[in-house]
Amino acid sequence: MTGAMGARGVVFLGSPAFPDAARTALADDRLRANLRRATTTIRDKRLAATGELDDWEELRAAGEAIKRHTLRHLPYYLERLEESVTAAGGTVHWAADAAEANRIVTELIRATGATEILKIKSMATQEIGLNEALADAGVTACETDLAELIVQLGEDRPSHILVPAIHRNRGEIRDLFAAEMGHWGRPAPEGLTDEPAALAEAARLHLREKFLRAEVAVSGANFACADTGTVAVVESEGNGRMCLTLPETLITVMGIEKVLPAFTDLEVFLQLLPRSSTGERMNPYTSLWTGTTPGDGPSAFHLVLLDNGRTDTLADEVGRQALHCIRCSACLNVCPVYERTGGHAYGSVYPGPIGAVLTPQLVGVEHASSLPFASTLCGACYDACPVRINIPEVLTHLRAKAVEAKAGHRRLPTLEALAMKGATAVLVSPARLGLAQRAASLGGRLLSRRGRIGRLPGPFRGWSDTRDTPAPPAESFRAWWRANRAGGQR
Amino acid sequence: MSTRDTILGRARAALGDVPPAERPEEAPIPRGYRRSHADVPLVELFAERVADYRATVTVAPEHQAARTVGRLLADRGLTRAVVPDGFPDAWLPGGTFTRLGDAPPRTPAELDGIGAVLSTCAVAIAVTGTIVLDAGPGQGRRALTLLPDYHLCVVRAEQIAGDVPEAIALLDPTRPLTFVSGPSATSDIELDRVEGVHGPRTLDVIILTSTEEA
Ligand code: SF4
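The model shown is predicted, which means the values in this text are computed figures rather than measured ones. (Residues numbered from 1 in each chain as written. Chains lettered and ligands numbered in written order. Predicted model: local features only at pLDDT ≥ 70, side-chain atom pairs only at ≥ 80, totals over all residues. Heavy atoms only, no water.)

**Re the packing of helix H9 (residues 170–184) of chain A against helix H10 (residues 196–213) of chain A**
Residues and elements named next belong to chain A. Worth spelling out the cut-off: Note on method: axes are straight lines fitted to C-alpha atoms, helices fitted across the in-contact stretch only, with angles between N-to-C directions ranging 0 to 180 degrees. Strands are runs of DSSP state E lasting at least 2 residues, helices are runs of H or I lasting at least 4, and numbering of each runs from the N terminus. Orientation labels follow simple angle bins: below 35 degrees gives roughly parallel, above 145 gives roughly antiparallel, 65 to 115 gives roughly perpendicular, and whatever is left gives oblique. By convention, the crossing between two helices is left-handed when the near helix turns anticlockwise from the far helix through less than a right angle, and right-handed when the turn is clockwise. Any two residues having at least one pair of non-hydrogen atoms within 4.5 Å are treated as being in contact. In this count, Pro and Cys sit with the nonpolar residues alongside Ala, Val, Leu, Ile, Met, Phe, Trp and Tyr, while Asp, Glu, Lys and Arg are called charged and the others, Gly among them, polar.
Where H9 contacts H10, the two axes come as close as 11 Å, and the packing angle between them is 20 degrees. It follows from the interaxial angle that H9 and H10 lie roughly parallel. Crossing handedness for the pair H9 and H10: left-handed. Contact residues: H9 offers Arg 170, Ile 173, Arg 174, Phe 177, Met 181 and Trp 184, while H10 offers Pro 196, Leu 199, Ala 202, Ala 203, His 206 and Lys 210. Taken together, the residues of the contact of H9 with H10 break down into 8 nonpolar, 1 polar and 3 charged.

**Some points on the interface of chain B and chain A**
The condition is simple: A 1.4 Å probe defines the accessible area here, and the buried area is the portion of it lost by two parts on being joined, summed over both. Each reported salt bridge corresponds to a side-chain nitrogen of Lys or Arg within 4 Å of a carboxyl oxygen of Asp or Glu.
The partner chain A presents 97 residues to the 76 residues of chain B that form the contact. Counting the surface lost from both chain B and chain A, the interface buries some 7,400 Å², and carbon and sulfur atoms represent 58% of this. A per-residue breakdown of the area chain B buries against chain A is headed by Asp 188, Glu 190 and His 198 of chain B, which together make up 11% of the total. Counting across the interface, chain B meets chain A through 15 salt bridges. Among the salt bridges present, the one from Arg 10 of chain B reaches Asp 307 of chain A, with a minimum N-O distance of 2.8 Å. At 8 residues, helix H1 (residues 3–14) of chain B tops the list of elements feeding residues into the side of chain B that touches chain A. Taken together, the residues that form the side of chain B that touches chain A break down as 37 nonpolar, 15 polar and 24 charged.

**Brief notes about the side chain of His 37 of chain B**
Rules: For this analysis, a polar contact is any N or O atom pair within 3.5 Å, provided that within protein one partner can donate a hydrogen and the other can accept it, and provided that sequence-adjacent residues contribute only side-chain to side-chain pairs.
You can see His 37 of chain B is positioned in the loop between H1 and helix H2 (42–52). Within polar-contact distance, the side chain of His 37 of chain B engages the side chain of Asp 55 of chain A at 2.5 Å. Apart from residues no more than four positions distant in its own chain, His 37 of chain B is found in contact with Leu 53, Asp 54, Asp 55 and Gln 271 of chain A together with Val 127 and Asp 163 of chain B.

**A short note on the sheet that holds strand S2 (residues 116–119) of chain A**
As a reminder, the rule being used: Two strands make a pair as long as DSSP finds a minimum of two bridges between them.
With respect to topology, 6 strands assemble into an open sheet ordered S1-S10-S7-S4-S2-S3 (chain A), the strand pairing being parallel. Either end of the sheet is taken by a strand with one partner, and the two such strands are strand S1 (91–95) and strand S3 (140–143) of chain A. For this sheet, the mean inter-axis angle between neighbouring strands, taken without regard to orientation, is 25 degrees. Along the sheet face, H1 of chain B touches S1 and strand S10 (300–306) of chain A and points at about 65 degrees away from the line of S1 of chain A.

**What to know about the pairing of strand S4 (residues 216–219) of chain A**
Residues and elements named next belong to chain A. As a reminder of what qualifies: Only protein chains enter the accessibility calculation, which uses a 1.4 Å probe; a residue is then buried when its area is under 20% of its type maximum, exposed when over 50%, and partly exposed in between.
What you see with S4 is no split at all: Val 216 and Val 218 on one side and Ala 217 and Ser 219 on the other are buried throughout. In this structure, S2 lies alongside S4, joined through 2 bridges in parallel fashion. Counted as the bridge partner of Lys 119 is Val 218 from S4. Here S4 pairs with strand S7 (residues 249–255) via 4 bridges, running parallel. The residue of S7 that forms the bridge with Val 218 is Ile 251.

**Quick look at the sheet that holds strand S6 (residues 130–133) of chain B**
If you walk across this open sheet you meet the 8 strands as S8(A)-S5(A)-S6(A)-S9(A)-S9(B)-S6(B)-S5(B)-S8(B), and the pairing is mixed. Strands at the two margins of the open sheet, each flanked by one partner only, are strand S8 (259–260) of chain A together with strand S8 (160–161) of chain B. Sheet topology places S6 of chain B next to strand S9 (residues 177–180) of chain B; 3 bridges connect them, and they run antiparallel. Within S9 of chain B, the residue paired with Leu 133 of chain B across the bridge is Thr 178 of chain B.

**A word on the side chain of Asn 308 of chain A**
Residues and elements named next belong to chain A. Following the sequence through the fold, Asn 308 ends up in the loop between S10 and helix H13 (310–315). Residue Asn 308 is classed as buried on the basis of its relative accessible area, which comes to 1%. Of note is the side chain of Asn 308, whose polar atom sits 2.9 Å from the side chain of Glu 127.

**Thoughts on the nonpolar core**
We apply this condition: Residue types Ala, Val, Leu, Ile, Met, Phe, Trp, Tyr and Cys, when buried and joined through side-chain atoms within 4.5 Å, form a set referred to as a nonpolar core.
The biggest cluster of nonpolar side chains holds 138 residues, and the ones touching the most others in it are Leu 81, Phe 177, Phe 223, Leu 266, Phe 269 and Leu 305 of chain A together with Phe 179 of chain B. Other than its neighbours up to four places away in sequence, Leu 266 of chain A contacts Phe 223, Cys 225, Leu 260 and Leu 288 of chain A together with Val 164 and Ile 168 of chain B.

**Here we look at the confidence of the model for chain A**
All names here are of chain A. The following threshold applies: Scored from 0 to 100, pLDDT records how confident the predictor is in each individual residue.
Of all residues in chain A, 74% have pLDDT values of 70 or greater, and the mean over the chain is 79. For the stretch residues 12–16, pLDDT sits under 50, and the model shows 16 contacts to residues farther than four places along the chain or on other chains. A low-confidence stretch, residues 410–490 (pLDDT under 50), is modelled with 121 contacts involving residues beyond four sequence positions or located in other chains.

**Description of the site of the ligand**
Put simply, the rule is: Whether a residue is near a molecule or strand depends on its heavy atoms: if one lies within 4 Å, it is near.
Near the ligand there are 13 residues, and of these Cys 325, Cys 328, Ser 329, Cys 331 and Cys 385 of chain A occur at the shortest range. Among the residues forming the shell around the ligand, the class breakdown is 11 nonpolar, 1 polar and 1 charged.

**Here we look at unusual backbone geometry**
Residue and element names in this part refer to chain B. For the bond from Ala 103 to Pro 104, the omega torsion is -5 degrees, close enough to zero to count as cis. In this structure, Glu 25 is a non-glycine residue whose phi angle is positive, near 70 degrees. Examined against the element boundaries, Glu 25 turns out to sit in the loop between H1 and H2. When its relative accessible area of 42% is taken as the criterion, Glu 25 is described as partly exposed. A positive phi angle, near 65 degrees, is found at Arg 54, a position not held by glycine. Within the secondary structure layout, Arg 54 lies in the loop between H2 and strand S1 (56–61). You can call Arg 54 exposed: its relative accessible area is 57%.

**Some details on H2 of chain B**
Residues and elements named next belong to chain B. Of all the positions in H2, only Val 43, Leu 45, Phe 46, Ala 47, Arg 49 and Val 50 are classed as buried. Tucked inside the fold, the buried residues of H2 contact S1, strand S5 (123–125), S6, strand S7 (150–156), S8 and strand S12 (202–209). Looking at the residues trailing H2, positive phi occurs at Arg 54, about 65 degrees.

**Remarks on the pattern of salt bridges**
Two side chains carrying opposite charge are able to pair once their charged atoms lie near each other. Taken as a whole and judged by the stated rule, the model has 39 salt bridges over all chains. Note that Asp 17 of chain B is salt-bridged to Arg 320 of chain A, the shortest N-O span being 2.7 Å. Of this pair, Asp 17 of chain B sits in the loop between H1 and H2 while Arg 320 of chain A sits in the loop between H13 and helix H14 (330–334), placing the two residues on different chains. The partly exposed category is assigned to Asp 17 of chain B, whose relative accessible area is 28%. Where salt bridges share partners, they join Glu 79 and Glu 82 of chain A together with Arg 4, Asp 5 and Arg 12 of chain B into one cluster.

What follows is the structure in structure tokens.
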């Protein structure tokens, strides 16, 4: 599967639209079982890790306030970051869009003469389609995160921010390793079993050979401190440390919203991120570096600051808060829609609730108009978000924009614009949504044929006139949510 | 116009709603969160939290450092290790142990082959069970504590900070910093946790208490 570039250069599989993709995913029982297990496990761990801190709400409030303040003065902090990184021996580049970022990275790699580079999992480089651009330029980009390696060997797409290969089970991974590793480097050992430890060992051996001779690595960044120029990468496996330490040249591609005012602000985010993300008190490895250090690590450090739709997002006073996101994936794990459809249905590198609010803003809402509807507005994402992004508020706001854009441009049949308006009217009111869904759940099962329904009763009728809608599960999302929330939530 | 100016210009235009009187660096950030969540003695808490990550923890009085290091290495069947400059000689075991240096700098392949490293640390964090390396004395450049498959880290009790904010305040951001919380791990295959992927697969931690405390 290859990605199509959206209008502004965000890799985005614009088609099929969310409802169609969701229908396909819902039919896949194993994906659903894997996802349910993943989201439940991580959700429980997160609740334990955040529940341990009696000032969790104060930390969230600080995280939100720091992010909001930084965005409101973004030009100032970006200029400070540039000064600090430069003073510490790094070089800062600016990229307005994906094409420019890809060109900058490609030229930097060409200048080193390397034809193979290593990568650390990074959403920004997925967003701009860097690997594909490098392949066109004759450079092989090897993913070093285990899940990304699985995805890359399978010529696949990530389905979850945190565990991108969650849609694959161990037997498939074994087969992939056995069949594909040899094409990229050291083959998998003979007689490889499907034990996770054996698979991890195969990845260790395969990648170690690459780490030892790496000349160039490309990373993303979790945070960058404007006052000191310090850049942070948070990880678990150690592939990040390898890539940040061993090559001569390090290229970091970072969205401009990742800047923090001060090094000391890490005291908030290094508590919020690991506990929200993997539900650990601290992730195994966090690397912080400031420019270059003689005799230790890369001798050349390049920081590419990426806009690619972010300044447009900034211009929307309601939508702006989506740029607070620290990519912890907590909102995915609590989302009843995500749990049932998986990440691929969102057609974007940013899945789940954050994808539903970020992707339409990055690519332009007219190009991703179904995504803001990929939610029940239950609010669980807002409660979980460590930087307090009010996702339901942004969703509702974007829904209105999507409907306007459709009506204004007449790109699609008026019928669909009308259907969306109908859906908006229902979905903006949680109480009405609950009623409508219970009605749909009862009616839908009566009407469904082989798990597919042609026409929904009540308020959903308009929607199902233009979209073949999946049969609602026996319990509606909200009924399911209420039942499950009673069990584990605060 | 350069791309830099384009992006900064777009960002300024996007922020027309921010009143000019609102200044950067003067934000009223609510910092009502705790400096530390530690509620028991730090040595005890740090030891418990490191052990949670399935690293081993040994608490020993400082005068028994060499004996403790020697015993841990012997338990693993190791007779040699990379020892960065500045690691106290008094903490090294005698007998058959071979101390390997890093001058001139060893290649990644050599470090990979040696398989063991001893180090000190810059700071430790009790609540999160984290050791922080800053490439200072006794730690060496980052590759030394990354490539060998076994890492033995010696922490002096007074280096243990309560929690993340206290630790951040003690660190020098101009140095390369690595936070280590247990051995490397992945949960990428069906969420089964596997310890040890690319970093050292075994982490042993010794906490040295001053002789009076012990
Ligand atoms: S929106 Fe919030 S919860 Fe979701 S990934 Fe971003 S920071 Fe995490």
